[in-house]
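Given next are the chains, with one letter for each unit.
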Amino acid sequence: MSLQSPQKETRCTEILSDALRGYEGIQEVDYNYANGSLKAVFDPRLISTERALEVINHAGRAASMRMAQCAAKRKRGEADCVECAGELAAKLSRQYEAAANAPTATFHKNTLEVRLSAPQLATSESIEIEAAFLNPAGAEKKKIEIPVEKIEVAFTIINAVTGLTAFIGAGLGWNPVFIFSLYFVAYITGGWFGLMASVEALKKKTLNVDLLMILAALGATAIGQPAEGATLLFLFSLSNTLQTYAMDRSRKAIEKLLDLRPKQATVRRGSRWTSLPIEQLTLGDVVLVRPGERFPIDGEVLSGSSDVDQATITGESMPVQKNESDFVFAGTVNGTGSLEICVTRLAKDTTLARIVKMVEEAQSTKANTQQMLDTFEQRYAIFVLAAAVLLIFVPWLVLGHDFQATFYRAMTWLVVASPCALVISTPASILSAIANGARNGVLFKGGAHLEKTATLKVLAFDKTGTLTSGKPALTSLHTFSDLNEDELLRLAAGLESRSEHPLAKAIVQAAHARDLRLPPSMEFRAIPGQGVEGLVDSQHLLIGNERLFIERGIRIPAGVAELAYAMQEEGQTAMFVYSAANSTFLGLLSVADTLRKDAMEMIKALKAIGIEHIVMLTGDNAKVAAKIAARAGVDEFHADLLPQDKVMVLKSLQKKYGPVAMVGDGVNDAPSLASADIGIAMGGAGTDVAIETADVVLMSDDLRKIPFSIGLARQARKVVWQNLTFSMSVIVLLVAGAFGAELALPLGVIGHEGSTVLVVLNGLRLLGYK
């Protein structure tokens, strides 16, 4: 609800802003009456940061009070906004002149919050302050926030101390009122969080395990056993505290990744370098990263060369060489060289931040098993509660049993039959597995996808960019003259170094790999679709395909042509090297997309863990596909496929074998990734589409992560079933003990809560899976 009319509001805020702008050094003021925010920009050369903050703080407090007064005046019809604002301006002036050096408070939510940013422009050295003020109707009180985990621990300690003291005091004959007070505190602290959870569940017309525990404790008190009720609540509270701690370990295991990112970045401002919080970096900023430092932001290398440890993002064990135009990621570690990078993503959008956000979302997405258990919990809790009522009234009223013994047995039933361990068994394991995967460069986008990954029987791989490197590389080199291989490659690379064509880059990279010194080329000319020509070492060279020479009437010798044809049959691109000065062919180069070095090892590993069938899908011709498939060791391949054809092949594989995963690069394989039971995208660290499309994202191009992800998912499924079996067995044993051996309530609580903690700890073992 607005506190005044727009016309009056404008007048009031204008006078307030004018008053602040009247102080030396205050440059801009923007006061928003609607949300109570005041934004000011000042020049630190004219007014100190401390004094500027004093002005803003005083203005905020005065504005809060004045708005509250205005609200009361308007109700009485006495409002005069112009006079009010004038008085406020005068008051601010007096406060500014007499302001003392008071500490600046930084609060949150409904309390005063001051955020100071660093210099925005190198020329003006201006600093921006934003202050959010109290709601006029609220009281100006500082709100101290204490983590819930600490409150849980404190309550558990208080519950233990007061309950034990009350038990001892009762044995020593202390004052009954004092004993009652101690038990009252013990019950409140031991059952507070369970009571709150039960109330929330009842509001949603559901029952939970917490309610069963609360009722059992109250029932123990009702039959004169407050010590046992206090013991129950202590163990229940202790169990919940341990569960919270254990589950937070899984969550914090991934959240700690953000701690690896530096808080400050060294940024170029004009002709100098300055340190800024990473939140203030903008796209295009130039950031300096020194040797050994972590990258504060995602960016593109502008200058410098260094090896970078990317293990935190991609899981790669070996550092990766970074040169100009290469991309780097926040949180990774720079090696031995200094790098200047251009910011390509804001701090909130970095790959590291997106990983953490995505894993948090995945951890909040329930697995199918967990969803079934949640549904089961509701029905089972109703059954346990109804059975407890019957266990009280049937033996007592129908069979004539003693009420206290009957009631005690029913309360024990409430505890031992509660499915705490059963319900927590799945999320404890799923959260740990997702966190482990993320730390190793494998992102599962939810518990359901993790469970499905464990059931896979068939893996289908896209060829280009997945089984193969996706980039052409020099595969063979033949010389037809007195030149040896290195001399031939040196001449060819010297000419191709002027070209931007991918095939030319493959030749140049091969020369660099052999540490060859490339000669300069002159009169270079690229001939689209055919090749290149130019002068190298005073020789007029032509390098290209068959068409380049046919159009110039240059006959290719039969032996050379046959060799080129054989290369093409194997899926390689043949490139002739010809000396126009000598009218001779110097050699023949072949370039092709090569099989990844770890492809064969990965396929063997997949078969070793029980994957039944491995398929390769490609749009290449059948001859090329057959060669790659044979070298890779896949069981089946399909060639000449369009995107829609790949989808049809996947459907046929699903009908024949069962659950199928598609592994691709996440760009042109999007339809296939979406139609498979599980879509696995590779190279997600640099591909936005991969993260959006797939169910599982590999942050690097390391194919060995695929067997790891399937192994992790299967281990998670194994641990879940271990937990389910164990928790069900404990419930059966405890129930049998309650009715067959008159199991005491405290022992039932120990068995119940102990099993709950054990299944959580068993799930945490997945954090260490390798």
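Residues numbered from 1 in each chain as written. Predicted model: local features only at pLDDT ≥ 70, side-chain atom pairs only at ≥ 80, totals over all residues. Heavy atoms only, no water.

### Observations regarding the overall build of the chain
Along the backbone of the chain there are 25 helices and 26 strands. The proportion of buried residues among the 770 residues of the chain is 48%. Put simply, of all contacts in the chain between residues at least 6 apart along the chain, 66% involve residues at least 24 apart. (Helix = DSSP H or I, 4+ residues; strand = E, 2+ residues; numbered from the N terminus. Buried < 20%, exposed > 50% of the residue type's maximum accessible area, 1.4 Å probe, protein only. Contact = heavy atoms within 4.5 Å.)

### Quick word on the environment of Lys205
Summarising the element assignment, Lys205 is placed in the loop between α5 (176–203) and α6 (209–222). Of the residues examined, Lys205 reaches a relative accessible area of 79% and is grouped as exposed. Sequence spacing of Lys205 and Gln378 is 173 residues, and the spatial spacing of their C-alpha atoms is 10.0 Å.

### What to know about the confidence of the model for the chain
With 72% of its residues at a pLDDT of 70 or more, the chain shows a mean pLDDT of 75. Confidence drops under pLDDT 50 across residues 1–11; counting only partners more than four residues distant or on other chains, this segment forms 15 contacts. Throughout residues 91–144 the model reports pLDDT below 50, and contacts reaching past four residues in sequence, or to other chains, amount to 119 contacts. (pLDDT = per-residue confidence, 0-100.)

### Quick word on the pattern of salt bridges
Should the charged atoms of two oppositely charged side chains come close, the side chains can pair. Tallied over the entire structure, the rule returns 14 salt bridges. The salt bridge partner of Glu200 is Lys203, with a shortest N-O separation of 3.6 Å. In this pair, Glu200 and Lys203 both sit in helix α5, 3 residues apart, roughly one turn of the helix. The exposure class assigned to Glu200 is partly exposed, which follows from its relative accessible area of 42%. The exposed category is assigned to Lys203, whose relative accessible area is 62%. The partner of Asp537 in a salt bridge is Arg490, with the nearest N and O atoms 3.1 Å apart. Taken together, the residues span a long stretch of sequence, with Asp537 in the loop between β18 (531–536) and β19 (539–544) and Arg490 in helix α15 (residues 485–496) at a distance of 47 residues. When salt bridges that share partners are traced, they join Glu485, Asp486 and Arg514 into one network. (Salt bridge = Lys/Arg side-chain N within 4 Å of Asp/Glu carboxyl O.)

### Section: the sheet that holds strand β26 (residues 696–698)
Strand order in this open sheet of 7 strands is β14-β26-β25-β24-β15-β22-β23, and the pairing throughout is mixed. Edge positions in the sheet fall to β14 (442–444) and β23 (636–638), since each of these pairs with one other strand and no more. Shown here is a sheet whose adjacent strand axes are inclined to one another by a mean of 20°, direction ignored. Pairing geometry for strand β15 (residues 458–462) and strand β22 (residues 613–617), over 5 bridges, is parallel. Its bridge partner being in β22, Ala460 is matched across the sheet by Val615. (Pairing = 2+ DSSP bridges. Axes fitted to C-alpha atoms, helices over the stretch in contact; angles between N-to-C directions.)

### A few points about a nonpolar patch on the surface
Together, Ile158, Phe180, Phe184, Val185, Ile188, Trp192, Leu195, Met196 and Val199 make up an exposed nonpolar region whose accessible area comes to about 770 Å². By residue number, the principal contributor to the nonpolar patch is α5, which donates 8 residues. In this structure, Ile188 sits in helix α5. (Patch = residues over 30% accessible without salt bridge, like charges linked within 9 Å, V, L, I, M, F, W, Y side chains within 5 Å. Areas by Shrake-Rupley, 256 points an atom, 1.4 Å probe, with all protein chains shown as cover.)

### Description of the sheet that holds strand β9 (residues 306–309)
Spatially, the 3 strands line up as an open sheet ordered β10-β9-β12, and their pairing is antiparallel. For this open sheet the edge positions go to β10 (320–322) and β12 (333–334), each flanked by a neighbour on one side alone. Alignment of β9 against β12, held across 2 bridges, turns out to be antiparallel. Each residue of the ladder has a partner; that of Asp309, found in β12, is Val333.

### As for the environment of Ala676
For Ala676, the location among the structural elements is in the loop between α22 (670–675) and β25 (678–682). Once residues within four sequence positions are removed from consideration, Ala676 is found in contact with Leu650, Gln654, Val660, Ala661 and Met662.

### Things to note about the side chain of Ser499
Structurally, Ser499 can be placed in the loop between α15 and α16 (502–513). At a separation of 3.1 Å, a polar atom in the side chain of Ser499 contacts the main-chain amide nitrogen of His501. (Polar contact = N/O pair within 3.5 Å; in protein donor to acceptor, adjacent residues only side chain to side chain.)

### Overview of the nonpolar core
Grouped together as the largest cluster of nonpolar side chains are 41 residues, with contacts concentrated most on Leu459, Phe461, Leu467, Leu606, Val634 and Ile706. Ranked by residue count, the leading element in this core is helix α24 (residues 705–740), at 7 residues. Sequence-distant contacts of Val634, defined by excluding residues within four places in its chain, comprise Leu467, Ile603, Ile614, Met616 and Ala629. Grouped together as the second largest cluster of nonpolar side chains are 38 residues, Ala166, Leu232, Ala410 and Val749 included. (Core = buried A, V, L, I, M, F, W, Y, C linked by side-chain atoms within 4.5 Å.)

### Points about the packing of helix α19 (residues 599–608) against α24
Close contact between α19 and α24 brings their axes to 8 Å; oriented N to C, the two are set at 20°. With respect to α24, the axis of α19 lies roughly parallel. In this structure, α19 crosses over α24, and the sense of that crossing is left-handed. Residues Met602, Ala605 and Leu606 of α19 form the contact with α24, whose participating residues are Ile706, Pro707 and Ile710. Broken down by class, the residue content of the contact of α19 with α24 amounts to 6 nonpolar, no polar and no charged. (Parallel < 35°, antiparallel > 145°, perpendicular 65-115°, else oblique. Left-handed = near helix turned anticlockwise from the far one by under 90°. Nonpolar A, V, L, I, M, F, W, Y, C, P; charged D, E, K, R; others polar.)

### With respect to helix α20 (residues 622–632)
Within the span of α20, buried status applies to Val624, Ala625, Ile628, Ala629 and Ala632. Here the buried residues of α20 occupy an arc of 125° about the axis, which is enough to place them on one side. Where α20 is buried, its residues contact α14 (463–467), β16 (468–479), β21 (584–595), α19, β22 and β23. At the exit of α20 stands Gly633, carrying a positive phi of roughly 90°. (Arc of directions from axis to C-beta.)

### Section: the pairing of strand β20 (residues 573–579)
Looking along a regular strand, one sees side chains alternate from face to face of the sheet. Extensive coverage of β20 is indicated by the burial of 6 of its 7 residues. In this structure, β19 lies alongside β20, joined through 4 bridges in antiparallel fashion. From the neighbouring strand, Leu541 faces β20, where its bridge partner is Ser579. Pairing of β20 with β21, which is carried by 7 bridges, proceeds in the antiparallel orientation. Counted as the bridge partner of Val577 is Gly587 from β21. Linking β20 to β21, which pair antiparallel, is a turn of 4 residues; within it Ser583 sits at a positive phi near 55°.

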